[in-house]
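The chain contents come next:
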Amino acid sequence: MELAGRTLTVEIGRMAEQANGAAIIRYGGTTLLVTATASEKPRDGIDFFPLSIDYEERLYAVGKIPGGFIKREGRPSERAILTSRLIDRPIRPLFPDDYRNDVSVVATVMSVEQDYSPEVAAMIGASLVLAISDIPFMGPTGSSNVGLVDGKLIVNPDALEREASKLYLTVSSTHDKVMMIEAGADEVSDSIMMEGIMLAHKENQKIVAFINEIVAKEGKPKHSYEQSGVPSEIYEKITSIITDTRMEVAVFTDIKQERQERLAALKEEVVEKITASHLEEEAAEILKYLGDAVYKFEKATVRRMILKEHKRPDGRKLNELRKLSAEIDVIPRVHGSALFSRGQTQVLTVTTLASMGEVQRIDGLDFSEESKRYMHHYNFPSYSVGEARPSRGPGRREIGHGALAEKALIPVLPTEEEFPYAIRLVSEVVSSNGSTSQGSVCASSLSLMAAGVPIKAPVAGISVGLVTGDDGEYVLLTDIQGIEDFFGDMDFKVAGTKNGITAIQLDMKVDGLTEEIIRNSIEDTRISRGIILDEVMNKCIDTHKSDISDYAPKIAMVVIDPEKMAEVIGARGKVIKRIIEESGVDKIDTEDDGRIFVSHADRSKVQRAVDIINAIVHVPEAGSVFTGKVTRVLNFGAFVEIAPEKEGLVHISQLAHERVAKVEDVVNIGDVIEVKVMEIDEQGRINLSRKAVLPKPPRENK
C-alpha cells in the first residue's frame, strides 16, 4: 500500500513459519521481521494477561558494530524499551479480558533508512501478525506519526522534517476509534493537536483496511482457550455476604490505607461465614476465588457509582483536583530540589548541573540522536505504595514515565548557548496514589527553577480518567487517583505551559476513544493545568532563581575557530592540561565544532581559563593587556609567555619608567607580570612593555 506517499510492503510465509504469525515489513529501506507466538495453555496462578513485547534493535541495521568489549547487543536501549511500550499500549486492550496464555511479540529491526520510521513499521507489523495469527486478537490497529513543519501537519515526516518539526505525534487506531496517543510538542495549541490526532486517525484507517484485506486472504481461524475468572455462582455467593451498601462504605474514602483495611475486614468476614456454612473442601473451592471476586465487586461498585451517580471514591466533584502543594529547596547542598504533592501522591525531584562532558552518549539506530544533554530519571520505590519489595532497578514503566516527563520539559529548556550545562533530573516518587508521572512533571519544573535554570515557562501535568457504560454514556474524571486508574477505562496524561501542550500520553483499557472524548479530555486538562500553575506552582516560584547554587559548577562556553582547536589542546593534551593547572579549573571539555566548556565552582578561575584560551586563539593586537609569566631572562630583556606556547619580548628599556641597569633587578624567571602589546612586527614577533601598564611617577618639583 501507499503510506504517506511511500510504499509499505508486507511479506508472509517467507520467514519464521513456526510462529503463530510472522511477516517481513518493508517501509522504504527500513525492514523488520515481526512475529507473534502464544503458549498452548494459560499460565497458572495469575490474574493478568501475560503479554510481552520486544523491539529488538540490531546495529547491523545501520552498519554499526556495537561499542565496548563484548561487541554484541546487550540489554535493550531506552529507545527500544519506549518503542516496546508504544507497540504494547494500543494492542493490549484488544485481547479477551480472561485470556491468560503467554503471548510474545518480537519486532527485529534488520535495516533502517532514516526517512522511514522503524517504530511505525514495528507497530503496524505487530498488529498485522496478531491479526493473521490464530491468537484471539480483536484488532487490527494502524499507527502513524505526524509532524508540524512551518505550520503544516505532515504524516510520517522524513528525517529532515523531524529535525525541524515542532510536534512529534504518534497515534494508533482501530477502524473507528483512537487507541493510543503519544506526543512531544513545542507548546502546540489544543486545536492543532486535535487536528494532528484526527489526521493520523484518518491515515490509520487506511492501514486497518489494508491489514483486513490480508487477514481475509491469509488469516488463520482464532484458537479457543481456557477461560478464567470467577464462576458466576461463587461470585454471587461472596457478594451477597458483602452487599452493595457495605462495599460502597468500604471503598468510598480518600485515604488508601483505610480502604485497604475495610476491604480486608470484609474478606475476613466472608472467610468466617463460608467456612462455617460449608464443608472444608467446598469452602476451599469457593475461597480460592475470594481475591478475584472482591476485586471484581469493588471495580463494579466504583464504576457504577461514578457513572450513574457521579460519585467519586474520595467525594470530589468530577472536575475537582485533589489538594495540591509545592515546596522548593527541600534538600540541602544539591543544585536544586522541589516537592510536589497531589493528594497522597508526592514526588521529590532533584536537579544536578554538570559540564557538557557529562552528556549521555547514545549508540543507536537514529543518526539524529547521538547524545542527550538533558536526562530525566524516574524512580518508583516499593515504600511509595506501602509494600516491602527489594529494588531491582528501573523497569519499563519507570523508564517510560521518566521519558514522558523529559519530553514534557524539553521545549522549555534553554539552549546550550544560553545555558551550557548538562542537566539531570531524578524524580523520586515518595508516595503514590495515582498520577505520579504528571506529579513528576510539576516537581521537575519547580526543581529546575529552584536550580536557576532559565526555563522559558513553567510546565504542569494532569491526568484525566474515563468510565464508560454499555449505552455509549461516559464520564470524564479530572486528576484520577489510584483506584480510578485501576478501575477506569483510560489514563489521559497531558503536560504543558499556559501557552500550549508539550507532551501527551494516552493509555486505554477499552476499545478506543471517539473524537468527542479526546477533544473534551484535552480541554479538561488545559483548564486544570492553568489552576495548578496559577494557584500552586507560581505561588511557590514563578521564575528561575537569578543565579545557580553555590554547590553547582560555574560553566562558561567559548566558541573558537575549529581549526585552532589543536592550539588549545596541544600535542597529547599538553596545552589544555597547562590551562587547567594555571587557572585551577576542574574541567575543560572541547567539541569538534569549536565549542569549549570550562567549569569550576569559582567564577574567577573559570574566567582565568577563558582569558588564557582567548589569548591562545586570538592574534594579539597592539594595545592588548595580558598577565604572563617570565620564561627567559637575557641581557637585553625578558621573554614573557602571554598564553601557552605564545610569548613576546619586553626589552630592558620597557621594564620600568626609570633606567634599568640589569634585567634581574626588575624581573626573574617565574615572575608573573602584567604587560601591554606595543607592536607585532612583520615576522610575527610580539613586542611587549611592562612600563606601559605601570603608573607614571610623579614629576619632581622644580
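The structure under discussion appears in the preceding block.
Overview of the structure. Predicted, not measured: the structure shown is a model, and the values here were computed from it.

Quick notes on the rules
Residues numbered from 1 in each chain as written. Predicted model: local features only at pLDDT ≥ 70, side-chain atom pairs only at ≥ 80, totals over all residues. Heavy atoms only, no water. Helix = DSSP H or I, 4+ residues; strand = E, 2+ residues; numbered from the N terminus. Buried < 20%, exposed > 50% of the residue type's maximum accessible area, 1.4 Å probe, protein only. Contact = heavy atoms within 4.5 Å. Salt bridge = Lys/Arg side-chain N within 4 Å of Asp/Glu carboxyl O. Axes fitted to C-alpha atoms, helices over the stretch in contact; angles between N-to-C directions. Parallel < 35°, antiparallel > 145°, perpendicular 65-115°, else oblique. Left-handed = near helix turned anticlockwise from the far one by under 90°. Nonpolar A, V, L, I, M, F, W, Y, C, P; charged D, E, K, R; others polar. Core = buried A, V, L, I, M, F, W, Y, C linked by side-chain atoms within 4.5 Å. Expected span 1.5 Å × (residues − 1). Pairing = 2+ DSSP bridges. 1 Å grid on protein atoms, 1.4 Å probe; cavity = no way out; pocket = protein on both sides within 12 Å on 5 of 7 lines; lining within 4 Å. Points joined across faces, edges and corners; volume = space filled by probe spheres on them. Phe/Tyr/Trp six-rings, centres within 6.5 Å; stacked < 30°, edge-to-face > 60°. Disulfide = S-S within 2.5 Å.

## Examining the overall build of the chain
Then comes step 1: Secondary structure assignment for the chain yields 16 helices and 29 strands.
Then comes step 2: Over its C-alpha atoms, taken along the principal directions, the chain stretches across nearly 125 × 55 × 50 Å.
Then comes step 3: Within the chain, the proportion of its 702 residues that are buried is 53%.
Then comes step 4: By sequence separation, contacts in the chain at least 24 residues apart represent 70% of the contacts at least 6 residues apart.

## Regarding the pattern of salt bridges
Then comes step 1: This structure, assessed with the given rule, holds 45 salt bridges.
Then comes step 2: Put simply, R43 and D102 hold a salt bridge, and the shortest N to O gap is 2.5 Å. With R43 in the loop between β4 (30-42) and β5 (51-57) and D102 in strand β6 (residues 101-111), the pair connects residues that are 59 residues apart, well separated along the chain.
Then comes step 3: With a relative accessible area of 26%, D102 lands in the partly exposed category.
Then comes step 4: Note that D507 is salt-bridged to R89, the shortest N-O span being 2.6 Å. You can see D507 sitting in strand β21 (residues 501-508) and its partner R89 sitting in helix α1 (residues 78-91), a full 418 residues away along the chain.
Then comes step 5: Members of the salt-bridge network, linked through shared partners, are R312, D314, R316, R322, R342, D479 and E484.

## Focus: the packing of helix α10 (residues 396-409) against helix α11 (residues 436-450)
Then comes step 1: At a minimum axis distance of 9 Å, the contact between α10 and α11 shows a crossing angle of 45°. Here α10 is positioned oblique relative to α11, judged by the angle of their axes. At the point where α10 passes α11, the crossing takes the right-handed sense. Packed against α10, whose contacting residues are R397, H401, L404, A405, A408 and L409, the element α11 presents T436, S437, Q438, S440, V441, S444, S445 and L448 at the interface.
Then comes step 2: Among the residues making up the contact of α10 with α11, the classes are represented as 6 nonpolar, 7 polar and 1 charged.

## Thoughts on the nonpolar core
Then comes step 1: Core analysis: the largest hydrophobic core is formed by 79 residues, its most contacted members being V103, M193 and F492.
Then comes step 2: With 11 residues, the single largest contributor to this core is helix α2 (residues 118-132).
Then comes step 3: Non-local contacts of M193, meaning those with residues more than four positions away in its chain, are made with L167, L169, A183, A185, V188, I501, I504 and I522.

## Considering the environment of T245
Then comes step 1: Within the secondary structure, T245 sits in helix α6 (residues 244-251).
Then comes step 2: Assessed through its relative accessible area of 57%, T245 is described here as exposed.
Then comes step 3: Along the chain, T245 and T301 lie 56 residues apart, while their C-alpha atoms are 9.4 Å from each other.

## Describing helix α7 (residues 256-277)
Three or four residues apart is the spacing at which side chains of an α-helix point the same way, because the helix has 3.6 residues per turn.
Then comes step 1: Across its 22 residues, α7 extends 32 Å between first and last C-alpha, which sits within 8% of the 32 Å expected from 1.5 Å per residue.
Then comes step 2: Buried residues along α7 sit against α5 (232-242), α6, α8 (280-287), α9 (290-309) and α12 (482-487).

## Details of α11
Then comes step 1: A rise of 1.5 Å per residue sets the reference length of α11, with its 15 residues, at 21 Å; its end C-alpha atoms lie 20 Å apart and thus fit the reference within 8%.
Then comes step 2: Of all 15 residues that make up α11, 15 are buried, and the element is covered over most of its length.
Then comes step 3: Backbone geometry just after α11 places G452 at a positive phi near 85°.

## A closer look at the sheet that holds strand β9 (residues 167-173)
Then comes step 1: Read across the open sheet, the 8 strands follow the order β8-β7-β9-β10-β21-β20-β18-β19; overall the sheet is antiparallel. The open sheet terminates on both sides in strands that have one partner only, identified here as β8 (152-155) and β19 (474-478). Across the sheet, the axes of successive neighbouring strands diverge by a mean angle of 20°, strand direction being ignored.
Then comes step 2: By the bridge criterion, 5 bridges tie strand β18 (residues 460-468) to β19 in an arrangement that is antiparallel. Directly across from V464, in β19, lies its bridge partner T478.
Then comes step 3: Lying over the sheet, helix α4 (residues 190-218) contacts β7 (142-149), β8, β9, β10 (178-188) and β21, oriented at roughly 145° with respect to β7.
Then comes step 4: Its contacts with the sheet put α10 on β10, β20 (490-496) and β21, and the angle it makes with β21 is roughly 150°.

## Remarks on the sheet that holds strand β28 (residues 672-680)
Then comes step 1: Taken in spatial order, the 5 strands of this closed barrel run β25-β26-β27-β29-β28, and their pairing is mixed. On average, adjacent strands in this sheet sit at an angle of 50° to one another, irrespective of strand direction.
Then comes step 2: Where strand β25 (residues 625-634) meets β28, 5 bridges bridge the pair, whose relative direction is antiparallel. Looking at β28, one finds that G628 is bridged to I673.
Then comes step 3: Contacts from helix α16 (residues 603-617) reach β25, β26 (637-643) and β27 (646-651) within the one sheet, and its direction differs from that of β26 by about 110°.

## Quick notes on empty space enclosed by the protein
Then comes step 1: If you walk through the whole model with that rule in mind, you get 1 cavity of 30 Å³ or more.
Then comes step 2: Taken as a whole, the largest cavity spans an internal volume of roughly 130 Å³.
Then comes step 3: As for the largest cavity, its lining consists of 14 residues, of which R79, Q114, P118, E119 and D366 are closest to the centre.
Then comes step 4: Secondary-structure elements contributing two or more residues to the lining of the largest cavity are β5 and α2.
Then comes step 5: When its residues are assigned to classes, the lining of the largest cavity shows 6 nonpolar, 2 polar and 6 charged.

## What to know about the packing of aromatic side chains
Then comes step 1: Enumeration according to the criterion identifies 9 aromatic pairs in this entry.
Then comes step 2: Look at Y235 and F297: their rings are 6.4 Å apart centre to centre, the planes differ by 85°, and that puts the pair in the edge-to-face class. Remark: F297 occurs in helix α9 and Y235 occurs in helix α5; sequence separation between them is 62 residues. Taken as a pair, Y235 and F297 share a single burial class, namely buried.

## Points about the packing of α11 against helix α13 (residues 515-540)
To describe two helices that pack against each other, one gives the angle between their axes and the distance between the axes.
Then comes step 1: Where α11 contacts α13, the axes come no closer than 10 Å and their chain directions differ by 35°. Viewed along their axes, α11 and α13 form a crossing whose handedness is right-handed. Facing C442, S445 and L446 of α11, the residues of α13 in contact are I532, M537 and C540.

## What about the state of the cysteines?
Then comes step 1: A complete count under the given rule lists 0 disulfides for this structure.
Then comes step 2: Lacking any disulfide linkage, C442 is separated from the closest cysteine sulfur, that of C540, by 11 Å.
Then comes step 3: Under the relative-accessibility criterion, C442 is labelled buried at 0%.
Then comes step 4: For C540, a relative accessible area of 25% translates into the label partly exposed.

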